[in-house]
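Here is what each chain is made of, one letter per residue.
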Amino acid sequence: MEAELHRLQTEARAALTASVNALGLEAFRVKYLGRKGLFTTVMRALGDVPVAERPRLGKLANDVRQELEEAFAAREAELAGSQMAVGAPRSDLTLPGRLAPFGKSHPVTQVMEEVCAIFEGLGFAVAEGPDVELDYYNFEALNIPPHHPARDMHDTFYVSDSVLLRTHTSPMQVRAMQKAAPPLRMIAPGKVYRCDSDITHTPMFHQVEGFLVDRKVSFGDLKGVLSVFIAKMFDKKTPIRFRPSFFPFTEPSAEVDIGCVICKGEGCRVCKKTGWLEILGAGLIDPAVFKMVGYDPDAYTGFAFGLGMERIAMLKYGITDIRMFYENDLRFLSQF
Ligand code: DAH
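Rules behind the numbers
- Residues numbered from 1 in each chain as written.
- Predicted model: local features only at pLDDT ≥ 70, side-chain atom pairs only at ≥ 80, totals over all residues.
- Heavy atoms only, no water.
- Helix = DSSP H or I, 4+ residues; strand = E, 2+ residues; numbered from the N terminus.
- Contact = heavy atoms within 4.5 Å.
- Buried < 20%, exposed > 50% of the residue type's maximum accessible area, 1.4 Å probe, protein only.
- Axes fitted to C-alpha atoms, helices over the stretch in contact; angles between N-to-C directions.
- Parallel < 35°, antiparallel > 145°, perpendicular 65-115°, else oblique.
- Nonpolar A, V, L, I, M, F, W, Y, C, P; charged D, E, K, R; others polar.
- Polar contact = N/O pair within 3.5 Å; in protein donor to acceptor, adjacent residues only side chain to side chain.
- Pairing = 2+ DSSP bridges.

Give me the lowdown on the environment of Pro146, citing residues and values where you can.
Topologically, Pro146 is positioned in the loop between α6 (135-138) and β3 (163-165). The spacing of Pro146 and Asp135 is 11 residues in sequence and 9.3 Å in space, taken between C-alpha atoms. Setting aside its immediate chain neighbours within four residues, Pro146 contacts Glu140 and Arg151.

Quick look at the structure:
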């Protein structure tokens, strides 16, 4: 029986070390220390040993049992520290891991990148200019002298008499033409600012300016480029029309409408039952602007256009309140 006790002791020590979680520990307890466990079985043999031997073997058996119980308790405490003890919440290692949340571009940024990619595909270079702009570039060089009525439309934030937050990206026409001789084919994306706020206006919004200068550029070229752009940006079959308009820096000028992308021209609330949506201003660059930058207006012609990014994003995604873009609500933003 003595040999049997020692064998059991060695085996149980090894089994305890091999138990690495709550399930293993419980199985150990049942197998060795339980009421019908191996230890109880060995103890039964005590009745068969000679009386003289009983006290010694009884003590040995008690010592072994005590040692194993203490070792069991210690192992249980150890595993509890790593949250795997009996009754503690267990980790299910078979579950897939949790991914860290990915951020992504703002919907307006996405639309702006898409617009730029389309024009880059048509050979337009991309240039960016300052948000804090001189009155000269924002107005004067664009044929809008002081006190010109067109200034009223712009709700300008002034920094000083001659410095302002640009109200449109058109000043980039002047900056680019001053820097390089024609031919020129560029787009200028960026932020613009106007003191205005309601469901279709925010004090800061985004535009992409586009312009092309060369010999013999015609209104037909403008229409061709814009038609390709609209077809790529919206549906291929989206109709496009030009309405006469006025901008001081283009002559002739036009506002460009596309067939309503919501009702497909049937007439709805978004297009105010007209079937058309205005999406950009455009025209042939006014010779007065060419003179400002030192281009010869008799040798060169060009077209220009200005697109509002929020407007396009709203139409593309059916958003009715422009302010949602700037409330930073992740439930809104994560949809795009
Ligand atoms: N800059 C104008 C605006 O913000 C839009 C515009 C109209 C740009 C006609 C152009 C253009 O380049 O030719 O209201």
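Back to the write-up after that little detour.
Quick rundown of helix α10 (residues 309-317)? Include the residues and the values.
All of the buried residues along α10 are Met309, Glu310, Ile312, Ala313, Met314 and Leu315. Buried positions along α10 lie against α5 (107-121), β5 (204-214), α8 (219-233), β8 (276-285) and β9 (301-308). Following α10 by one or two positions, Gly318 has its phi on the positive side, about 65 degrees.

Help me get a handle on the packing of helix α2 (residues 22-33) against helix α4 (residues 54-81), residues and values and all.
Packed helix pairs are characterised by how far apart their axes lie and by the angle those axes make with each other. Packing of α2 against α4 leaves a shortest axis separation of 11 Å and a crossing angle of 170 degrees. The angle between α2 and α4 places the two elements in the roughly antiparallel class. Contacts between α2 and α4 involve Leu25, Phe28, Arg29 and Leu33 from the former and Arg65, Leu68, Glu69, Phe72, Arg75, Glu76 and Leu79 from the latter. Counted by class, the contact of α2 with α4 contains six nonpolar, no polar and five charged residues.

Lay out the side chain of Thr202 in plain terms, naming residues and giving numbers.
Of note, Thr202 is situated in the loop between β4 (184-193) and β5. Within the structure, the side chain of Thr202 is placed 2.7 Å from the backbone oxygen of Met204, a separation counted as a polar contact. Not counting chain neighbours up to four residues away, the residues in contact with Thr202 comprise Arg194, Asp196, Ile322, Arg323 and Tyr326.

Break down the sheet that holds β4 for me, citing the residues and quoting the values.
The mixed open sheet is built from seven strands, whose spatial order is β1-β4-β5-β9-β8-β7-β6. Taken across any chain shown, the strands that pair with only one partner, and hence form the sheet edges, are β1 (125-126) and β6 (240-247). With two bridges connecting them, β1 and β4 associate as parallel partners. Bridged to Ala125 within β4 is Met186.

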